[in-house]
Amino acid sequence: LTIVVTITGAGASSYCYAIINGTKQYEAGTHEVNTGDTIAFCVYGYSKAYYGSVTIDGTEVLRVAGGTQTYDWTVPSGISTIEIAMKHDSPSGSLNGRITVTTA
């Protein structure tokens, strides 16, 4: 089953992005995946105050403070759309990325 993936907002190539079908994505756009595919979400968090996070359907699955981490997510069955909202911030060099995923 093909599932439409919509990326909104904007990430950053080094610290807020998703790997979809083997390709790094961090700009708004539309993609397609299949049930059982893996999407990797990578975020960087500078500190506890400027943390990076990945939230999927309201549950925070990854919180990063002091480095970059990746969360591998398997596309579940029973959904038809995935929205990936990306935002990043760099207050005085304190980089952090936030990714919020909503399925329907």
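Residues numbered from 1 in each chain as written. Predicted model: local features only at pLDDT ≥ 70, side-chain atom pairs only at ≥ 80, totals over all residues. Heavy atoms only, no water.

Caption draft 1: Region of interest: the pattern of salt bridges. If you walk through the whole model with that rule in mind, you get one salt bridge. In this structure, Arg-63 and Glu-60 form a salt bridge, with 3.0 Å as the shortest nitrogen-oxygen distance. Among the residues examined, Glu-60 registers a relative accessible area of 38% and is labelled partly exposed. (Salt bridge = Lys/Arg side-chain N within 4 Å of Asp/Glu carboxyl O. Buried < 20%, exposed > 50% of the residue type's maximum accessible area, 1.4 Å probe, protein only.)

Caption draft 2: Representation of the side chain of Thr-55. The residue Thr-55 is located in strand β6 (residues 52–56) in this model. Residue classification places Thr-55 among the buried residues on the basis of a relative accessible area of 17%. Not counting the four nearest positions on each side in its chain, Thr-55 is found in contact with Glu-60, Val-61, Ile-99, Thr-100 and Val-101. (Helix = DSSP H or I, 4+ residues; strand = E, 2+ residues; numbered from the N terminus. Contact = heavy atoms within 4.5 Å.)

Caption draft 3: Up close: the nonpolar core. Judged by nonpolar contacts, the single largest core of 24 residues is most densely connected at Ile-39, Phe-41, Ile-82, Ile-84 and Ile-99. The set of elements that each furnish at least two residues to this core consists of β1 (2–9), β2 (16–20), β5 (38–45), β6, β7 (59–64), β9 (81–89) and β10 (96–103). Discounting residues that sit within four places of it in the chain, Phe-41 has contacts with Tyr-17, Ala-18, Val-54, Ile-56, Gln-69, Thr-70, Tyr-71, Trp-73, Ile-84, Ile-99 and Val-101. (Core = buried A, V, L, I, M, F, W, Y, C linked by side-chain atoms within 4.5 Å.)

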